[in-house]
Amino acid sequence: MQGKENLENKIQAAKKYFNTQIETKYFFDILFEMNRYFDKQFVVSLHSQFNKKINQNERNLLRKYYYYGIKNYLYLINVDYFPQYAATEADKSQVLNAFIERCKNYDSSKIVNSIIERYSLVKENKIADNSKKWLSWFEQKRKTTSDFSLFIYDYEQADFEQSNYNISNIFKVIADIYDHLENYRHFIFKLHGKLFNNEHEDVTWQVLYKIGIYCENFIQYRKPFLPFKKQKSIDKLTSFLDERFLENDNNTLAQDFFSSISTGFKFEDCFVSDNQDDIILIMKKIKLDTSAIPCPACMTTIQNGNSFPELFLRSYECKNPACPERSKSGRGKRFDEFGTYRYFKLVENDSQNQIDNDLYSKWRRDIFSHNADIYEMLIRYYAWSGESICCSKNCSIKNAHNRKIIIYHSFETTQYNTNFEELPIVELFSKLSFLCKNTRGTKKLQKNIEILNENSTENLRLLKAGQIGSAITSPPYYNAREYSKWQNMILYFVDMLINAKGVYQILCNDGYYLYNIGDIVASDNIYVESNMSKKRLMLGFYSCLIFEKAGFNLCGNIIWDKGEVQSKRNSTMNRNSGYVKCINCYEHIFVFRKGKESKIVSSVQHITPVIKINAKGENTYKHTAPYPMELVNLITPFVLKDKYVLDPFLGSGTTLKWCKKNNLKGVGFELNKEYFELASNNIDCNATKDGQPTLF
């Protein structure tokens, strides 16, 4: 009896915040839904009631029914039954306490107004669905701001020859379509077949890496952008360069680089067919847009917009006091334009936008069958029904799936006319390459296998040239491990450039260097230091740039297919256009040569990664990123007799272990003392404890 009286007292205390009467049942329904008090039990109910995957919209509707019991929520998704929450008096007392406490510590009027708006919708058995209104607003905006929602550029050897083996025409197309493509949408470069220059050298990956870098850097944004701390960025780069390049005007280099924010498209994916006959670059446009966007919950534009989940991607917080989607603390609903559009297209439930199991299975990984229908995937993954897709004239689309196809004709845009070598990042590394020391060492290697507990960047120059016939390595990935930390990605590539230059100087003429690198998701921290700069980084393509500046010739790319890797990237329940992304299951092994003529080396090689974590979650290998022995086999055609195989980032010692097994000479550098000792043991040698070379 006393418990009921206490509960009633709390109800009355809570209702004092309201100027209008709210029925007690509805009041609790709203409090529980705002508080998500029973969401754990809701998830349990989802798993017990459904064998199929539930998408985001279906989940939201079921959650509304779970708390409010409005049958319309079930009818919308063709569900006959779903349980509702069942609250005890103790549960009710707890959410009341939470509500009263929040009203004391936050703006109670915002919390109360949101509850009143929710109550009016629930009482009248209405469903708060603004999808049609919002999409109608967006269609009007789209008509005035863009001409198409997706651009597909199909390119092949005949196009290359027609342009006299010059790729500047590709850059012109990229600049030409930028302002005509809808914001937050995709430019797709599809390469069919390999590209050969007029000397019949394979330049496929030379072209691809330059397109990728150009896309990310061809626009210079010079207006103020509050998150960009320009002087701090200049000082940081200057200080870093001063430590590596003495007696140079590094401040001028830093000022030139940070005189603007290089932007354009953002790299998202690179898909490769299983025979490398087709390669697809996926680049996303993100242009700063400060225009107001209707709140998806209340359709007002009373909002703040000073948050950026990605660089130049503006998100908003609704400030409408009566918005029904305020949080339990009165915080306004957060949203951005593309996220809202994508969700409401999911609500629309158009069958032309649904990704069926057959298509999903064919494009689950970013290595795909050479027989797959590329255009079907591109159209259905990256565009929605009713949208316009602009394509180059040689695209052969069989089924547009209710998308409108427009054939590309030049818009004659002259706003963006930067050539590749003028890009700030290209200019920076061109200048830094000239500053790298060209010293000639005198140190001779004595034995067949040598492992040095030294920094290869500093010590490569001590070796006498002509001893190293080939090289292979997997360098530290930018900020991916505890032993490889840099303040931003530019600083990382400065160090990798110096190292690449050192390898180039001691490598024999016509020697090859195999460089294993993967594209990772991380914050580049170049212009802003926050999650705002988190994205998929083209470590591979930028590595190609610095190797070219170091003097190497890029001969090709051996794609390391790692097979069925674990990833959360395609775990979305929303099997609809705009949501599904392929698993990243490969890494690059770029083949560089010190010399002009080269073999055709590009291929796809399936090699199982090292399984280092056991069933107990323990790293039995004692190294965070070992690569398999089979990967080192790839250097076999490039080994020069009686010359050393070099690994400047030896890690766990796999390269030298392979050399020893195959009776070849090998030398490796490993700075980390723990890994140096691990490598020594793996190579089956007795490493010294003083950092001196262990010789065989």
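Residue numbers here run from 1 along each chain, matching the order of that chain's written sequence. Only residues with pLDDT of 70 or above have their local features reported here, since the model is predicted, and side-chain atom pairs are shown and tallied only from 80 upward, although totals for entire chains, interfaces and linings are computed over all residues. Heavy atoms throughout the structure, all of them, feed into the side-chain values; hydrogens and water do not.

**Focus on the overall build of the protein**
Counting from the N terminus, the helices are DSSP H or I runs at least four residues long and the strands are E runs at least two residues long. When helices and strands are tallied, the protein shows 23 helices and 23 strands. Based on C-alpha atoms, the radius of gyration is set beside the globule rule, defined as 2.2 Å times the residue count to the power 0.38. In terms of overall size, the protein behaves like a compact globule, its C-alpha atoms giving a radius of gyration of 29 Å where 696 residues would be expected to give roughly 26 Å. Over its C-alpha atoms, taken along the principal directions, the protein stretches across nearly 90 × 60 × 50 Å. Here the term buried applies to any residue with accessible area under 20% of the maximum for its type, exposed to any over 50%, and partly exposed to those in between, with areas from a 1.4 Å probe on protein chains only. Counting over 696 residues, the protein shows a buried share of 57%. Only carbon and sulfur atoms are counted for the fraction: they give 46% of the accessible area of the protein, which is about 30900 Å². The average position of the 93 basic charges and that of the 80 acidic charges among the side chains of the protein differ by 4 Å. For the accessible areas, the method is Shrake-Rupley and the probe is 1.4 Å, while residue cover comes only from the protein chains on display. Neither His nor the chain ends contribute to the count of charged residues, in which Lys and Arg are positive and Asp and Glu negative. All charge positions are set by atom: Lys at NZ, Arg at CZ, Asp at CG, Glu at CD.

**Some details on the packing of helix α8 (residues 131–145) against helix α14 (residues 337–348)**
Between α8 and α14, the least distance of the axes is 10 Å, while the angle of their chain directions is 125 degrees. Considering the angle they form, α8 stands oblique to α14. α14 is crossed by α8, and the crossing has left-handed handedness. Of the residues in α14, those touching α8 at Ser 131, Trp 134, Leu 135, Trp 137, Phe 138, Lys 141 and Arg 142 are Glu 337, Thr 340, Tyr 341, Phe 344, Lys 345, Val 347 and Glu 348. Residue polarity follows a fixed list, in which Ala, Val, Leu, Ile, Met, Phe, Trp, Tyr, Cys and Pro are nonpolar, Asp, Glu, Lys and Arg are charged, and the others, Gly among them, are polar. Taken together, the residues of the contact of α8 with α14 sort by class into seven nonpolar, two polar and five charged. Angular values range over 0 to 180 degrees, each being the angle between N-to-C directions of two axes fitted as lines to C-alpha atoms, with helices fitted over their stretch in contact. Working definition: roughly parallel below 35 degrees, roughly antiparallel above 145 degrees, roughly perpendicular at 65 to 115 degrees, and oblique for all remaining angles. Rotating anticlockwise by less than a right angle from the far helix to the near helix defines a left-handed crossing, while the corresponding clockwise rotation defines a right-handed one. Between two residues, a contact is recorded if the distance between any of their heavy atoms is within 4.5 Å.

**Concerning the state of the cysteines**
Here, the term disulfide refers to a pair of cysteine sulfur atoms separated by no more than 2.5 Å. On inspection of all chains with the given rule, the structure shows zero disulfides. Note on Cys 103: no disulfide assigned, nearest cysteine sulfur contributed by Cys 323 at a separation of 17 Å. You can call Cys 103 buried: its relative accessible area is 6%. Lacking any disulfide linkage, Cys 391 is separated from the closest cysteine sulfur, that of Cys 395, by 4.4 Å. Since its relative accessible area comes to 1%, Cys 391 is described here as buried.

**Re helix α16 (residues 374–382)**
Within α16, eight of the nine residues are buried, which leaves the element mostly enclosed by the surrounding structure. Looking only at α16, the buried set comprises Ile 374, Tyr 375, Met 377, Leu 378, Ile 379, Arg 380, Tyr 381 and Tyr 382. The backbone nitrogen of Tyr 375 lies 3.2 Å from a side-chain oxygen of the residue at the head of α16, namely Asp 373. N or O atoms within 3.5 Å of each other form a polar contact, as long as, within protein, one can give a hydrogen and the other can take it, and as long as residues adjacent in sequence are counted only when both atoms are side-chain atoms.

**Description of the environment of Ile 54**
Assignment of secondary structure puts Ile 54 in the loop between α3 (39–49) and α4 (56–68). C-alpha separation for the pair Ile 54 and Lys 229, spaced 175 residues apart in sequence, amounts to 43 Å. Dropping the residues within four chain positions of it, Ile 54 is found in contact with Leu 46, Arg 59, Leu 62 and Met 573.

**Describing unusual backbone geometry**
Here Tyr 184, not a glycine, exhibits a phi torsion of approximately 70 degrees, which is positive. At Asp 510, a position not held by glycine, the phi torsion is positive, near 70 degrees. When you line up the elements, Asp 510 lands in strand β15 (residues 507–517).

**Some remarks on the environment of Arg 59**
Along the polypeptide, Arg 59 turns up in helix α4. Note on Arg 59: relative accessible area 29%, which makes it partly exposed. In sequence terms Arg 59 and Arg 334 are 275 residues apart; their C-alpha atoms lie 19 Å from each other. Here Arg 59 is in contact with Phe 42, Val 43, Leu 46 and Ile 54, once residues within four sequence places are set aside.

**Considerations on the packing of helix α11 (residues 204–217) against helix α20 (residues 539–550)**
Between α11 and α20, whose axes approach to 9 Å, the crossing angle comes to 110 degrees. Classified by the interaxial angle, the pair formed by α11 and α20 is roughly perpendicular. Judged by residue contacts, Trp 205, Leu 208, Tyr 209, Lys 210, Gly 212, Ile 213, Glu 216 and Asn 217 of α11 engage Phe 541, Tyr 542, Cys 544, Leu 545 and Glu 548 from α20. Considered class by class, the residues forming the contact of α11 with α20 number eight nonpolar, two polar and three charged.

**Considering the sheet that holds strand β9 (residues 334–335)**
Should DSSP find at least two bridges between two strands, the strands are taken to pair. In space, the three strands of this open sheet follow the order β7-β8-β9, with antiparallel pairing throughout. Either end of the sheet is taken by a strand with one partner, and the two such strands are β7 (303–310) and β9. Taken together, the four bridges between β7 and strand β8 (residues 313–318) define a ladder with antiparallel strand orientation. Each bridged residue has a counterpart across the sheet, and for Glu 310 the counterpart in β8 is Leu 313.

**Overview of the confidence of the model for the protein**
Predictor confidence is given residue by residue as pLDDT, running from a minimum of 0 to a maximum of 100. Per-residue confidence for the protein gives a mean pLDDT of 90, with 94% of residues at or over 70. Within the model, pLDDT remains below 50 along residues 612–623, and this stretch shows 25 contacts once partners closer than five positions in the same chain are excluded. This stretch, residues 686–696, has a pLDDT under 50; its non-local contacts, to residues over four places away or in other chains, come to 29 contacts.

**Considering the packing of aromatic side chains**
Two rings from Phe, Tyr or Trp (for Trp, the six-membered ring) form a pair when their centres are within 6.5 Å of each other. A pair whose planes differ by under 30 degrees is stacked, one over 60 is edge-to-face, and the rest are tilted. Scanning the entire structure with this criterion turns up 76 aromatic pairs. Between Tyr 221 and Phe 312 the ring centres are 4.9 Å apart and the planes differ by 55 degrees, which places this aromatic pair in the tilted class. One end of the pair, Tyr 221, is in strand β3 (residues 219–221); the other, Phe 312, is in the loop between β7 and β8, and 91 residues separate them in sequence. Phe 312 shares its class with Tyr 221; the two are buried. Across from the ring centre of Tyr 178, 4.6 Å away, lies the NZ or CZ of Lys 285, which sits over that ring. By definition, being over a ring means that NZ of Lys or CZ of Arg is both within 6 Å of the ring centre and within 35 degrees of the ring normal.

**Observations concerning the pattern of salt bridges**
Pairing is possible between side chains of opposite charge, provided their charged atoms come close. By convention in these notes, a salt bridge is any Lys or Arg side-chain nitrogen within 4 Å of a carboxyl oxygen on Asp or Glu. Throughout the structure, instances matching the rule amount to 40 salt bridges. For Lys 64, the salt bridge goes to Glu 33, with nearest N and O atoms at 3.4 Å. With Lys 64 in helix α4 and Glu 33 in helix α2 (residues 24–35), the pair connects residues that are 31 residues apart, well separated along the chain. Of the two residues, Lys 64 and Glu 33, neither departs from the other in class, the shared state being buried. The partner of Lys 287 in a salt bridge is Asp 179, with the nearest N and O atoms 3.2 Å apart. Separated by 108 residues along the polypeptide, Lys 287 in the loop between β6 (278–285) and β7 and Asp 179 in the loop between α10 (168–178) and β2 (181–192) bring together distant segments of the chain. Under the relative-accessibility criterion, Lys 287 is labelled partly exposed at 35%. Members of the salt-bridge network, linked through shared partners, are Glu 139, Arg 142, Glu 182, Arg 185 and Glu 387.

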